[in-house]
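Now for the letters of each chain:
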Amino acid sequence: QVQVVESGGGLVPAGGSLRLACTVSRTIFRASAMAWYRQAPGKTREWVASITGDGYTTYANSVKGRFTIPDDNAKNTVYLQMNSIKPEDTALYYCNAHVAGNAYWGQGTQVTVSS
């Protein structure tokens with residue numbers, strides 16, 4: 001069974017930076033696309049950023065210019081580099097990976113921003 005694991009969450013002050021990581025394992029296939037989503041308390045899950053297998057990236061307007069999604073194809077890993085963090089970025093961040101035609105979710109990593 002493909003495994004998707006996020007890491008790197010924590011408590012960060014407003015204006016600070018944080019780097020999340022998402023690794024896909026237990027598969028011989030490279031992820032064809034990976035994305036970050038987040039869910040704040042009392043809100044629905046929302047898309048944050050995506051990267052395709054050939055490195056094309058897209059971002060939600062709320063994070064554009066502050067977040068980037070670098071990847072490491074060799075490790076089947078993507079990151080979410082979060083800069084200029086705001087209190088409204090507080091959420092549980094999930095990674096979604098498309099592998100061999102199927103979509104997989106991780107368990108999430110919590111990011112809490114202190115104002």
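Use the structure listed above.
What you see is a predicted model, and the numbers here were worked out from it, not measured in a lab.

Novice: Tell me about the state of the cysteines, residues and numbers included.
Specialist: Every disulfide links exactly two cysteines, by a covalent bond between their sulfur atoms. In total, this model carries 1 disulfide according to the counting rule given. Paired by a disulfide, Cys22 and Cys95 hold their sulfur atoms 2.0 Å apart. Its S-S torsion of about -80 degrees marks the bond between Cys22 and Cys95 as left-handed, since a negative value means left-handed. One end of the pair, Cys22, is in strand S3 (residues 18-25); the other, Cys95, is in strand S10 (residues 91-99), with 73 residues separating them in the sequence. The exposure class of Cys95 is buried, given its relative accessible area of 0%.

Novice: Give a detailed account of the packing of aromatic side chains, specifying residues and quantitative values.
Specialist: This structure, assessed with the given rule, holds 2 aromatic pairs. With a centroid separation of 6.4 Å and an interplanar angle of 85 degrees, the aromatic rings of Tyr94 and Trp105 are classed as edge-to-face. With Tyr94 in strand S10 and Trp105 in strand S11 (residues 102-105), this residue pair connects regions lying 11 residues apart in the sequence. Tyr94 sits in the buried class, given a relative accessible area of 11%. Chaining the aromatic ring pairs together yields one cluster made of Tyr37, Tyr94 and Trp105.

Novice: Tell me about the pattern of salt bridges, and please be specific about residues and values.
Specialist: If charged atoms from side chains of opposite charge come close, those side chains can pair. A full pass over the atoms with the stated rule returns 3 salt bridges. Residue Asp89 pairs with Arg66 through a salt bridge whose shortest N-O separation is 2.8 Å. Highlighted residues: Asp89 in the loop between strand S9 (77-82) and S10 and Arg66 in the loop between strand S6 (57-59) and strand S7 (67-68), separated in sequence by 23 residues. Residue classification places Asp89 among the buried positions, given a relative accessible area of 0%.

Novice: Requested: an account of unusual backbone geometry, with residues and values cited.
Specialist: The general pattern is negative phi for most residues beyond glycine and trans for most peptide bonds. One non-glycine residue, Arg26, lies in positive phi territory at about 60 degrees. Along the polypeptide, Arg26 turns up in the loop between S3 and strand S4 (33-39). One non-glycine residue, Ser84, lies in positive phi territory at about 50 degrees. For Ser84, a relative accessible area of 43% translates into the label partly exposed.

Basis of the calculations
Residues numbered from 1 in each chain as written. Predicted model: local features only at pLDDT ≥ 70, side-chain atom pairs only at ≥ 80, totals over all residues. Heavy atoms only, no water. Disulfide = S-S within 2.5 Å. Helix = DSSP H or I, 4+ residues; strand = E, 2+ residues; numbered from the N terminus. Buried < 20%, exposed > 50% of the residue type's maximum accessible area, 1.4 Å probe, protein only. Phe/Tyr/Trp six-rings, centres within 6.5 Å; stacked < 30°, edge-to-face > 60°. Salt bridge = Lys/Arg side-chain N within 4 Å of Asp/Glu carboxyl O.

Everything listed is a geometric property; what it means functionally is a separate question.
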